[in-house]
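# Survey of secondary and tertiary structure
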Amino acid sequence: MVHLFGAIPLFLLSLFKSRYKNSLKARFFLHKNFHQEPADVHFHACSLGEVKSIEGLVLNFDSRVSVITQTGFDAAKKFCKKLNFLAFESLLPFWLKPCKVLILFEAEYWLMLVFTAKLKGAKIFLINARISDKSYKSYLRFAFFYRKIFSYIDQVFAQSAQDAQRLENLGAKNIEIFGNLKSRLRPEPSKILPKFKEKLIIFASTHRGEEELLLRHFTLKDNEKLILAPRHPERFLELENLLFKLTLPFDKFSDVGQDLQAGFKCPVLLLDALGELVNFYAISDVVVLGGSFVRGVGGHNPIEAAAFDNCIISGVHIHNQKSLFDEVEGVYFCEDLREFDARVHSACVKAKIRTIQGLEGMVERIRSAL
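Let me begin by describing the structure that accompanies this report.

What counts and what doesn't
Residues numbered from 1 in each chain as written. Predicted model: local features only at pLDDT ≥ 70, side-chain atom pairs only at ≥ 80, totals over all residues. Heavy atoms only, no water. Helix = DSSP H or I, 4+ residues; strand = E, 2+ residues; numbered from the N terminus. Buried < 20%, exposed > 50% of the residue type's maximum accessible area, 1.4 Å probe, protein only. Pairing = 2+ DSSP bridges. Axes fitted to C-alpha atoms, helices over the stretch in contact; angles between N-to-C directions. Contact = heavy atoms within 4.5 Å.

The subject of this paragraph is unusual backbone geometry. Backbone geometry at Lys 32 places phi at a positive 55 degrees, although glycine is not the residue there. Backbone geometry at Thr 247 places phi at a positive 55 degrees, although glycine is not the residue there. Along the chain, Thr 247 falls in the loop between α11 (236–245) and β10 (250–252). Accessibility expressed as a relative area gives 66% for Thr 247, which makes it exposed.

What follows is the structure in structure tokens.
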């Protein structure tokens, strides 16, 4: 009854919000989501970034994957055929098929999921575990809840020593410091784009309010081109309206087609497509990492941009990505936006990844639990 009462407004939301059209119906009503394939290892991750991070692990096992978001689902189906949206908690005891190992990514603390998996005989791993400065006080307020969850988790791979200590304070056991899994990814372009004669600048993974903030502190020069790549696809139209408002001539990636050099004639390109950002990182000169100039987001992963010898500029609000920024040297942190324009135009220091390690250690630990 409680499930039905809560699901009705969510069903209505799925009718009006395209980003929830499939996920909410699948999660709360099991629409096209009733069947789950058997597998040795069940990976659960939330959305796009998390799903991309587990690909290298998933391919080592007889795996299935569950996700929360549509973008996560679209990314996972590229490398895993056994794929579902995670059913709502009240449905999990009936929906979840047995597996030998359940692997949770980062902060996916679903009590019914770990309880049901343990009841059905699974070993449970938590990987890439972290607790940010901002979240820690909230975790402590509900420590009784997290202690219950951690009582079912057999092995924890933490991002840092600080994360390990915080997790231990909440009842986690068998904690190993493994670093941030995202720093171990080796980004590969899906296509080779032509290098531009102009200096190519990207405002990458930006959030609401951030694009206008940056554009009002920035003047594009004649020998430069700018790419705007918002984090969330549902904001593409919002960015079009902003560019019209600011009277900035622009092309859309969806209109340019295959001939990028000939089609990208305006000074600004709106990257209105998913999965293309890494291709532009490979030919860009300066990357301005979004999610860091406004409060509340906590920054985004600098590893992909740094892998292609870019100059990287970030805001100072990176509390959710500290461990990843620790892996990259040469990032410029802009504290005063009055310096932003000059910094972008004069950027010359290439960011470098300190080390890129493999996944072998974690793969062996999972394999030993099968």
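Two pairing modes exist for strands in a sheet, parallel and antiparallel, and in both the strands are linked by backbone hydrogen bonds. Strand order in the open sheet formed by seven strands is β3-β2-β1-β4-β5-β6-β7, with parallel pairing between adjacent strands. Taken across any chain shown, the strands that pair with only one partner, and hence form the sheet edges, are β3 (83–85) and β7 (175–177). Neighbour-to-neighbour, the strand axes of the sheet open up by a mean angle of 20 degrees, direction not taken into account. As judged from the four bridges shared by strand β1 (residues 41–44) and strand β4 (residues 101–105), these two strands associate in the parallel manner. Within β4, the residue paired with Val 41 across the bridge is Val 101. Against the sheet, helix α6 (residues 111–119) contacts β1, β4 and β5 (123–129), and its axis sits at roughly 165 degrees relative to β4.

The strand order across the open sheet built from seven strands is β10-β11-β9-β8-β12-β13-β15, with neighbouring strands paired in parallel fashion. Each edge of the sheet is formed by a strand with only one pairing partner; in this case those strands are β10 and β15 (332–333). Pairing analysis gives seven bridges linking strand β8 (residues 199–206) to strand β9 (residues 224–230), with the strands arranged parallel. When the bridges of β9 are listed, Ile 201 appears paired with Leu 226.

Take it as geometry only, folks, not as evidence of what the structure does.
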